[in-house]
Amino acid sequence: MADLTKRTEMALLDADIRKTSFDEVALGYTESEAIAEAKRCLNCKNHPCVGGCPVGINIPEFIAYVANGDFASAYEVLSESTSLPAVCGRVCPQESQCEKYCVRGIKGDAVAIGRLERFVADWNRKNNKNKVSKPLPNGHKVAVVGSGPSGLACASHLAKMGYDVTVYEALHIPGGVLSYGIPEFRLPKSIVKYEIDALCALGVKIETNVIIGKTVLIDELFSDFGYEAVFIGSGAGLPKFMKIPGESLKGVFSANEFLTRINLMGANRLSSDTPIFRPKKCVVVGGGNVAMDAARCAKRLGADVKIVYRRTKAELPARLEEVEHAEQEGIEFLLLTNPVMINGDENGFVRSIVCRKMKLGEPDASGRARPYEIENSDFSIDADAVIMALGTSPNPLIASTTYGLETEKFGGICTDEVGKTSKDNVFAGGDAVTGAATVILAMGAGKKAAAEIDRVLNSK
Amino acid sequence: MYKILKKEYLTQTVIRITVSAPLAARRAEPGQFVILRVCDDGERIPLTISDYDREKGTVSVIFSACGATTMKLAAKNEGDLISDFAGPLGKPTDTDGVKKVAVVAGGVGCAIAYPVAKKFKNLGCTVHTVIGFRTKDLVILCDEFKGVSDVFKLMSDDGTAGERGFVTAALENLILGGEKYDKIITIGPLPMMKFVCAIAQKYNIPSVASMNPIMIDGTGMCGGCRLTVGGKMCFACVDGPEFDGSLIDFDEAIARLSIYKDFENKKREETCNLLGGIKNG
């Protein structure tokens, strides 16, 4: 009898291979592994896991189907609530959402809900089970700005209700952060493409190379293009820097730039015309998932990589799994450390980064311990590249060209809890509202806004 | 995909293409740019808009076939398609409160300067233009500039076209001759713009330089195009591309432009071999 307090392990690509390969790291469950894991679900009465899911997937129901080997039915349950199960199964922080509330988790490991979600979505894709029936059109036109998680979720839910939906994307490939941000080894681009193709099969149109706020203004979407409602899911695009000396040196990049060159432009491939700086010694500043992604990309380009973070390991905002994967790949963590300046050589390239030791004090506004500098503790690290993964702020292109659209001080678009903005029939969600957050929270916001758009347009 | 409707050689290596891009043409203004990608696996490059026709839905750009991507673009002919063409991006040229302007441009920068000069002319401003080239074979848009200029100076480094000398000298002569400009706008190679802005500052004339740093998305997302302006970090794609010339850290911008030099040389070589004779038009 298997130990039911332990979750079924998922196979990983060997760490040595990973150092040079962009292939996916986590390999997913086999059918028998999935069934074994699904059988761990107690199908408890209150199913607290569902409350932990931002899109409210009926988790016990889909898991019960997996336990019975009925994967097609499991997929149907998933697709009632989520438009991107193969994505969410991979990149959601399940440990702080659904799995956090799993009753199994009280004594032992929570049921591996995320891995099961991924398994079902992958099974469906491999068996090409997507039954697409285009819903009957309801005659209403809605524009969605941005093809990232919130926009795709909003578009999907609207399309299923019969809306004529067009998604506008500024870049040449749809997917938003799923395409330009999250690396191949964590989220293969073929999966993103498959999910987006499924959306198009529902009748959603995607227009790339259109920068709303520049190419077309929000007001023009109503006046010139005849849309009745607009959802803004333009993301948190603007990278932050530290404002320390040396940030303009050659070899200092925002994580967004470094990741975009690799993920969106394929600069790691020799056939790509897009250049990428291939560091020998790289320092990544920050402790979130984006920092892990940048560090692991730099590793795969052949660099010796250090992550510099000003708090301790316990406060790292990245998912534990990502931190572990980074460590397995030989990435070194310099904790309680904060950069103070970057030094360059005579040609303007990065030569070293000077850091200061930190100690933790009382909790700050975010509830995390506030880091303090330790005097006379500066030390220098040799590096030819520094990647700043300090978070992003909402893109101002739309707010600055849309009269009457109110924004918060940090740049986020003001909305109520269902996504309504200060402008009639304009809705918003995802990072454009909250600032940088997670894929699934953005999807939840897109889904909520879709329901509200439906309510508003139908009551007209 | 976006169709090339027209292709004209302005010199042996400087080409104007007119692309069918109705959405980009709708709101295009002088001073703004587009980002294009020639083919799959292609690089995204920013090119400033040189002309547009809203009714026909076309946008023209002028480029010099000097790198891998521009050489691939140069190999395309009328009727051919390019993968992507997105815009307009950046802020349009600010014409507020200007009655008399000097437009000072060099090399391919003249392609960008021309619509700016034209816009000022159409608004009823007095327009003086000073344009410079290395030699007569590189001269572009001479007649077009004459058509929109109250005073027109053509300069060349070797004296084979117009007067011999740099644009900075010609500009300074105009100022010393008593011309009073509300603004000097400069577009061209970074060292040229640096010296034009220095002259503007010497005579206390407001100046604006159009910056063209390395860029990927053009929407503020990557921060690769960052510049230091007045001690503050700015993104050329969303805050610019035009900035107060007295505040730009030109030396830093010049240094940043060379980060991918080795890669660019290698790719150019590869592309030359691939395209063979096409490289010389």
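Residues numbered from 1 in each chain as written. Chains lettered and ligands numbered in written order. Predicted model: local features only at pLDDT ≥ 70, side-chain atom pairs only at ≥ 80, totals over all residues. Heavy atoms only, no water.

## What to know about the side chain of A:Glu99
Tracing the chain through its elements places A:Glu99 in the loop between helix H6 (85-91) and helix H7 (113-126). A:Glu99 gets classed as buried once you look at its relative accessible area, which sits at 9%. (Helix = DSSP H or I, 4+ residues; strand = E, 2+ residues; numbered from the N terminus. Buried < 20%, exposed > 50% of the residue type's maximum accessible area, 1.4 Å probe, protein only.)

## Considering the packing of aromatic side chains
Residue and element names in this part refer to chain A. This model, assessed by the stated rule, comprises ten aromatic pairs over all chains. On the basis of an interplanar angle of 40° and a centroid distance of 6.1 Å, the ring pair of Phe253 and Phe258 is categorised as tilted. Since its relative accessible area comes to 3%, Phe253 is described here as buried. The buried category is assigned to Phe258, whose relative accessible area is 1%. On the basis of an interplanar angle of 25° and a centroid distance of 6.3 Å, the ring pair of Phe277 and Phe349 is categorised as stacked. With Phe277 in the loop between helix H12 (255-263) and strand E9 (281-285) and Phe349 in the loop between strand E12 (337-344) and strand E13 (350-363), this residue pair connects regions lying 72 residues apart in the sequence. Relative accessible area serves as the criterion here: at 14%, Phe277 is assigned to the buried category. Through successive ring pairs, a cluster of aromatic residues spans Phe253, Phe258, Phe277 and Phe349. (Phe/Tyr/Trp six-rings, centres within 6.5 Å; stacked < 30°, edge-to-face > 60°.)

## A few points about the domain arrangement of chain A
All names here are of chain A. According to the domain assignment, chain A consists of domain 1 (15-126), domain 2 (141-236 + 393-459) and domain 3 (241-390). Its C-alpha centre places domain 2 at a distance of 30 Å from the equivalent point of domain 3. Contacts between the two partners involve eleven residues from domain 2, matched on the other side by twelve residues from domain 3. Summing both sides of the interface, domain 2 and domain 3 together bury roughly 1000 Å²; the carbon and sulfur share of this comes to 60%. When residues of domain 2 are sorted by the area they lose upon contact with domain 3, Tyr180, Phe185 and Arg186 head the list and together hold 56% of the total. Inspection of the domain 2/domain 3 interface yields two salt bridges. The partner of Glu322 in a salt bridge is Arg186, with the nearest N and O atoms 3.6 Å apart. Put simply, domain 2 and domain 3 have three residue pairs in polar contact (both at pLDDT 80 or more) between them. (Domains from an automatic or database assignment. Contact = heavy atoms within 4.5 Å. Buried area = accessible area lost by both parts, 1.4 Å probe. Salt bridge = Lys/Arg side-chain N within 4 Å of Asp/Glu carboxyl O. Polar contact = N/O pair within 3.5 Å; in protein donor to acceptor, adjacent residues only side chain to side chain.)

## With respect to the pairing of strand E1 (residues 2-9) of chain B
All names here are of chain B. For E1 and strand E6 (residues 81-82), the ladder comprises two bridges, and the chain directions are antiparallel. In the strand pairing of E6, Tyr2 is matched with Ile82. Looking at chain direction, E1 and strand E2 (residues 14-20) are connected through five bridges and run antiparallel. Following the sheet pairing, Ile4 is matched in E2 by Val19. Taking the residues that link successive antiparallel strands as the turn, the E1-E2 hairpin has four residues. (Pairing = 2+ DSSP bridges.)

## Observations regarding the packing of helix H2 (residues 31-38) of chain A against helix H4 (residues 59-67) of chain A
All names here are of chain A. At a minimum axis separation of 8 Å, H2 and H4 run at an interaxial angle of 130°. It follows that H2 is oblique to H4 by the angle criterion. Helix-helix and strand crossings are classified by hand; for H2 and H4 the assignment is left-handed. Contacts between H2 and H4 pair Ala34, Ile35 and Ala38 from the former with Ile63, Val66 and Ala67 from the latter. (Axes fitted to C-alpha atoms, helices over the stretch in contact; angles between N-to-C directions. Parallel < 35°, antiparallel > 145°, perpendicular 65-115°, else oblique. Left-handed = near helix turned anticlockwise from the far one by under 90°.)

## Notes on the nonpolar core
All names here are of chain A. Membership of the largest hydrophobic core comes to 68 residues, with the highest contact counts inside it found for Ile59, Phe62, Val66, Leu116, Leu178 and Ile453. At eight residues, helix H17 (residues 439-458) tops the list of elements feeding residues into this core. Here this core spans two domains, since at least three of its residues come from each of domain 1 (15-126) and domain 2 (141-236 + 393-459). (Core = buried A, V, L, I, M, F, W, Y, C linked by side-chain atoms within 4.5 Å.)

## Some words on the environment of A:Ser32
Within the secondary structure layout, A:Ser32 lies in helix H2. Between the C-alpha atom of A:Ser32 and that of A:Thr392, which follows or precedes it by 360 residues, the distance is 41 Å.

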